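Each chain is listed here by its residues.
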Amino acid sequence: GAVVSQHPSWVICKSGTSVKIECRSLDFQATTMFWYRQFPKQSLMLMATSNEGSKATYEQGVEKDKFLINHASLTLSTLTVTSAHPEDSSFYICSARSDRGQTDRNQPQHFGDGTRLSIL
Amino acid sequence: EDQVTQSPEALRLQEGESSSLNCSYTVSGLRGLFWYRQDPGKGPEFLFTLYSAGEEKEKERLKATLTKKESFLHITAPKPEDSATYLCAVQGRGSTLGRLYFGRGTQLTVWP
């Protein structure tokens, strides 16, 4: 259980293009989804949190116009990197968790397998 | 702000050589401490959640323990397939929507 699918797994594109990454919870309804960025040999850096029915909350220093997040449904969130540049190249990972029907709010986040983004 | 420090940064073990990874944390009211395993080029895989001091959880060769200031991940008789980066994360009472604070991880290499 608790499977999260992320697509695509890798993408290479030219500078200036926009790239969309999808994150789906396959066997549960995700009330909250998170987007992270990870640099080589570094830990996960939270970019934004999106809760069902509301706009995403971005971490300090993350440009909301650059990284568009849409929590379209309880099973789908998308991250769009707009007008991508080489400095946006990174490993992007999504996670999802659910509080539905749970009395224990300390449910873990379940992660997708990440998207390797390379901007030329 | 909630903080997590993991040590060592890297650990090399021979197959069968037991050891422990450390996760020290500072949090305003712990709601949960989480251990994850991350393989290269993959997302983290959930291992354990610990909620209160004194709690222990086991899974195969792994055992996680928790005190008021730190958690240990004990690896008994490791095998090469246990090689991965192990991440520790905490959720404090001030965390909204289950936000986690991650450590930088311990990169474990087990050689035959």
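Let me begin by describing the structure that accompanies this report. Given the structure is predicted, the values throughout are model-derived calculations rather than measurements.

Conventions and cut-offs
- Residues numbered from 1 in each chain as written.
- Chains lettered and ligands numbered in written order.
- Predicted model: local features only at pLDDT ≥ 70, side-chain atom pairs only at ≥ 80, totals over all residues.
- Heavy atoms only, no water.
- Contact = heavy atoms within 4.5 Å.
- Buried area = accessible area lost by both parts, 1.4 Å probe.
- Salt bridge = Lys/Arg side-chain N within 4 Å of Asp/Glu carboxyl O.
- Polar contact = N/O pair within 3.5 Å; in protein donor to acceptor, adjacent residues only side chain to side chain.
- Helix = DSSP H or I, 4+ residues; strand = E, 2+ residues; numbered from the N terminus.
- Nonpolar A, V, L, I, M, F, W, Y, C, P; charged D, E, K, R; others polar.
- Disulfide = S-S within 2.5 Å.
- Buried < 20%, exposed > 50% of the residue type's maximum accessible area, 1.4 Å probe, protein only.
- Pairing = 2+ DSSP bridges.
- Axes fitted to C-alpha atoms, helices over the stretch in contact; angles between N-to-C directions.

## A short note on the interface of chain B and chain A
Thought 1: Counting residues at the interface gives 21 residues for chain B, matched by 25 residues for chain A.
Thought 2: Buried surface at the junction of chain B and chain A, summed over both partners, amounts to about 1,900 Å²; 48% is from carbon and sulfur atoms.
Thought 3: The largest per-residue losses of area from chain B upon contact with chain A belong to B:Leu97, B:Arg99 and B:Arg104, which jointly make up 29% of the total buried on that side.
Thought 4: Along the contact surface separating chain B from chain A lie two salt bridges.
Thought 5: A salt bridge links A:Asp113 to B:Lys42; the nearest nitrogen and oxygen atoms lie 3.9 Å apart.
Thought 6: For the pair chain B and chain A, the number of links is seven residue pairs in polar contact (both at pLDDT 80 or more).
Thought 7: Counting only elements with at least two residues in the side of chain B that touches chain A, the list comes to strand 4 (30–38), strand 5 (45–50) and strand 9 (84–92) of chain B.
Thought 8: Sorting elements by how many residues they give to the side of chain B that touches chain A places strand 4 of chain B first, with four residues.
Thought 9: Taken together, the residues that form the side of chain B that touches chain A break down as nine nonpolar, eight polar and four charged.

## Some details on the state of the cysteines
Thought 1: As enumerated under the stated definition, the model contains two disulfides over all chains in all.
Thought 2: Two residues, A:Cys23 and A:Cys94, share a disulfide whose sulfurs are 2.0 Å apart. Across the disulfide from A:Cys23 to A:Cys94, rotation about the S-S bond amounts to roughly 80 degrees, and the bridge is consequently right-handed. With a gap of 71 residues between them, A:Cys23 in strand 3 (residues 19–25) and A:Cys94 in strand 9 (residues 90–97) connect regions that are remote in the sequence. Of the two residues, A:Cys23 and A:Cys94, both sit in the buried class.
Thought 3: For B:Cys23, the disulfide goes to B:Cys88, at an S-S distance of 1.9 Å. Its torsion about the S-S bond being -60 degrees, the disulfide of B:Cys23 and B:Cys88 is classed as left-handed. Highlighted residues: B:Cys23 in strand 3 (residues 19–26) and B:Cys88 in strand 9, separated in sequence by 65 residues.
Thought 4: Free cysteine: A:Cys13, not disulfide-bonded; nearest cysteine sulfur from A:Cys94 at 18 Å.

## Re unusual backbone geometry
Thought 1: Cis geometry is found at the peptide bond from A:His7 to A:Pro8, where omega equals 0 degrees.
Thought 2: Here the bond from B:Ser7 into B:Pro8 is cis, since omega is -10 degrees, no more than 30 degrees from zero.
Thought 3: Topologically, B:Pro8 is positioned in the loop between strand 1 (3–7) and strand 2 (10–14).
Thought 4: Positive phi is not limited to glycine here, since A:Lys41 has a value of about 60 degrees.

## Concerning the sheet that holds strand 8 (residues 76–81) of chain A
Residues and elements named next belong to chain A.
Thought 1: A sheet is described by the order of its strands in space; here four strands give the open sequence 1-3-8-7, paired in antiparallel fashion. In this open sheet, the two edge strands, each paired with only one partner strand, are strand 1 (4–7) and strand 7 (67–73). Each strand axis lies, on average, 15 degrees off the axis of its neighbour in the sheet, ignoring direction.
Thought 2: As paired strands, strand 1 and strand 3 are joined by four bridges and run antiparallel to one another. Bridging from a neighbouring strand, Ser 5 pairs with Arg 24 of strand 3.

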